[in-house]
Amino acid sequence: MTILVTGAAGFIGGNFVLDWLAGCDEVVINVDKLTYAGNLDTLKALEGDTRHIFVRADIGDREIISKLLAEYQPRAVLNFAAESHVDRSITGPGEFIQTNVVGTFNLLESVRGYWTELAAEQKAAFRFLHVSTDEVYGTLAADDPAFSETKAFEPNSPYSASKAASDHLVRAWHHTYGLPVLTTNCSNNYGPYHFPEKLIPLVILNALAGKPLPIYGDGQQIRDWLYVKDHCSAIRRVLEAGQVGETYNVGGWNEKANLDVVHTICDLLDELAPIGSRELGVGSEERAVVSQQTGTTPQSLLPTYRSQITYVTDRPGHDRRYAIDARKLERELGWKPAETFESGIRKTVEWYLTNQDWVSNVTSGAYREWLDQQYGK
Ligand code: NAD
Ligand code: TYD
């Protein structure tokens, strides 16, 4: 059996493929365009593994996608590929429309062509799983109930509008053509292999580099954080047992204000890689030991990463609060996240401290240009 996964050189897709092949031997065809956000280093552990076949292609390229479908006969297509960063969608929305809307449309058409020709049994078993976001639902006031699957779409950014459009297309391809689709709408992910343009990895890496930690506006915007491996397990569960045509919200039950998230990261770094110990160039555990052994300074007087926090101009149209009601997934499919925010963020910080090679490879020229453009030189 085979599955075809798009966008699996990215953050969530990459984690998904690593977890998938750690748990089973079903072959994965990974179709990724390798935009600035795609990084094959994430999948280095799979080099030479015949269960992972990488193809560099655009989801909108019907000829290539149709050829791949005919050749590999996947039992499911999972669509992670997207332009995913809200700030980039504000400075350049065109790519978001192209990939998230037009690309998804073309992918659906390629998949429909393939699925229509399948024998009855394969046709009934086939699934198209579309990975989407809670941002399609819009923004919440402090006391509004969390987003349920029936909440009306009210997207506010070019990114969320393009994802909402793709969700509508997926829905329509089910209702009109009968394509067996599943959609997941998840909250903010974090964890290993996260590209450092997003809040959590950006803050970890800026902190370690002695750079400002940019907080948009008052830092009281709320996101509902989901550890990426929990998201991957939810997707596996929905693929396995989800009801065709249904959408499932995936969340971590971890609503946090941005400033609290940044404080937590600073405190973990103060513990695992205290300022001043970094120059010693040793691992995080050793750093803590060295700092205890050599430091005569009382803990309270040590410098803290919190001092690098810098308030910057707010994002235009910044959504105030997202919160996911994930009870449907728990009730109907028995899925619950395994990590709390506290356990997941510690794992994440530790991962960035011990995977500096991955970090230095992704922080290329293109990445530095984005930082200059977004935050000023
Ligand atoms: P990402 O930006 O890290 O990765 C996207 C991947 O898609 C990259 O590897 C990129 O090269 C590839 N890609 C982009 N355009 C493509 C195209 N036209 N054809 C083929 N490949 C293309 O994104 P991510 O954070 O891994 O997000 C994956 C999915 O999950 C997206 O659909 C996103 O909207 C959704 N999502 C993400 C989050 C989050 O917190 N990261 C939250 C909710 C939903
Ligand atoms: P982000 O990681 O870009 O995800 P999203 O916009 O999809 O929620 O941002 C998470 C939150 O952090 C969001 O409210 C914007 C805020 N933020 C900052 O305050 N500073 C930053 O430098 C970045 C990138 C984000």
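Residues numbered from 1 in each chain as written. Chains lettered and ligands numbered in written order. Predicted model: local features only at pLDDT ≥ 70, side-chain atom pairs only at ≥ 80, totals over all residues. Heavy atoms only, no water.

A. Highlighting the overall build of the protein chain. Helix and strand counts for the protein chain stand at 14 helices and 13 strands. At 21 Å, the protein chain has a C-alpha radius of gyration in line with the 21 Å of a compact globule built from 377 residues. Dimensions along the principal axes, computed over C-alpha positions, put the protein chain at roughly 75 × 50 × 40 Å. Across the 377 residues of the protein chain, 53% fall into the buried class. The long-range fraction of contacts in the protein chain, counting pairs at least 24 apart against all pairs at least 6 apart in sequence, stands at 83%. For the protein chain, the exposed area adds up to about 16300 Å²; of that, 51% sits on carbon and sulfur atoms. The positive charge centre, built from 35 side chains, and the negative charge centre, built from 49, are 1 Å apart in the protein chain. (Helix = DSSP H or I, 4+ residues; strand = E, 2+ residues; numbered from the N terminus. Rg over C-alpha atoms; globule rule 2.2 N^0.38 Å. Buried < 20%, exposed > 50% of the residue type's maximum accessible area, 1.4 Å probe, protein only. Contact = heavy atoms within 4.5 Å. Areas by Shrake-Rupley, 256 points an atom, 1.4 Å probe, with all protein chains shown as cover. Lys, Arg positive; Asp, Glu negative; His and termini not counted. Charge placed at Lys NZ, Arg CZ, Asp CG, Glu CD.)

B. Up close: the site of ligand 1. The full set close to ligand 1 counts 28 residues, and Ile12, Asp32, Ser84, Tyr159 and Lys163 are the nearest of them. Here a nitrogen atom of ligand 1 sits 3.0 Å away from a polar atom, N or O, in the side chain of Asp58. In this structure, Ile59 approaches ligand 1 through a main-chain N or O atom, which is 3.0 Å from a nitrogen atom. Contact with the protein chains covers 97% of the free accessible surface of ligand 1, which is 840 Å². Looking at the shell around ligand 1, the elements with two or more residues in it are helix 1 (11–23), strand 5 (127–133) and helix 6 (158–177). With three residues, the single largest contributor to the shell around ligand 1 is strand 5. Its residues assigned to classes, the shell around ligand 1 shows 13 nonpolar, 11 polar and four charged. (Near = heavy atom within 4 Å. Polar contact = N/O pair within 3.5 Å; in protein donor to acceptor, adjacent residues only side chain to side chain. Nonpolar A, V, L, I, M, F, W, Y, C, P; charged D, E, K, R; others polar.)

C. Layout of the environment of Thr340. With respect to the helices and strands, Thr340 occurs in the loop between helix 11 (327–333) and helix 12 (341–354). Relative accessible area serves as the criterion here: at 41%, Thr340 is assigned to the partly exposed category. Separated by 113 residues in sequence, Thr340 and Tyr227 place their C-alpha atoms 8.2 Å apart. Not counting the four nearest positions on each side in its chain, Thr340 is found in contact with Tyr190 and Asn254. A polar atom in the side chain of Thr340 sits 3.0 Å from the backbone nitrogen of Ser343.

D. Main features of the confidence of the model for the protein chain. Across the protein chain, the average pLDDT comes to 94, with 93% of residues at or above 70. Below a pLDDT of 50 lies the segment residues 280–290, which in the model reaches 12 contacts outside its immediate sequence neighbourhood of four places, other chains included. (pLDDT = per-residue confidence, 0-100.)

E. Fine view of the pattern of salt bridges. Within this structure, the stated rule accounts for 19 salt bridges. Measuring nitrogen to oxygen at the nearest pair gives 4.0 Å for the salt bridge that ties Lys44 to Asp41. Lys44 gets classed as partly exposed once you look at its relative accessible area, which sits at 48%. Classification of Asp41 as partly exposed rests on a relative accessible area of 22%. Residue Arg315 is joined to Asp87 by a salt bridge in which the shortest nitrogen-to-oxygen separation is 2.7 Å. Within this pair, whereas Arg315 is found in the loop between strand 13 (309–312) and helix 11, its partner Asp87 is found in helix 3 (residues 86–91), the two being separated by 228 residues in sequence. Given a relative accessible area of 4%, Asp87 falls into the buried group. Through salt bridges with shared partners, one network takes in Asp25, Asp49 and Arg51. (Salt bridge = Lys/Arg side-chain N within 4 Å of Asp/Glu carboxyl O.)

F. Structural context of the packing of helix 7 (residues 199–208) against helix 9 (residues 258–272). Taken N-terminus to C-terminus, the directions of helix 7 and helix 9 make an angle of 40°; their axes are 10 Å apart at the nearest point. Considered as vectors, helix 7 and helix 9 are oriented oblique to each other. Between helix 7 and helix 9 lies a crossing whose hand is right-handed. Counted together, Leu199, Ile200, Val203, Ile204, Ala207 and Leu208 of helix 7 and Asn258, Val261, Val262, Ile265 and Leu269 of helix 9 form the full contact between these two elements. (Axes fitted to C-alpha atoms, helices over the stretch in contact; angles between N-to-C directions. Parallel < 35°, antiparallel > 145°, perpendicular 65-115°, else oblique. Left-handed = near helix turned anticlockwise from the far one by under 90°.)

G. Representation of helix 6. Compared with the 28 Å implied by 1.5 Å per residue over 20 residues, the 28 Å span of helix 6 between its first and last C-alpha is a close match. Taken residue by residue, helix 6 has Tyr159, Ser160, Ser162, Lys163, Ala164, Ser166, Asp167, Leu169, Val170, Trp173 and His174 as its buried positions. Residues of helix 6 that are buried in the fold lie against helix 3, helix 4 (94–116), strand 5 and strand 6 (181–186). One or two residues past the end of helix 6 sits Gly178, with phi positive at roughly 80°. (Expected span 1.5 Å × (residues − 1).)

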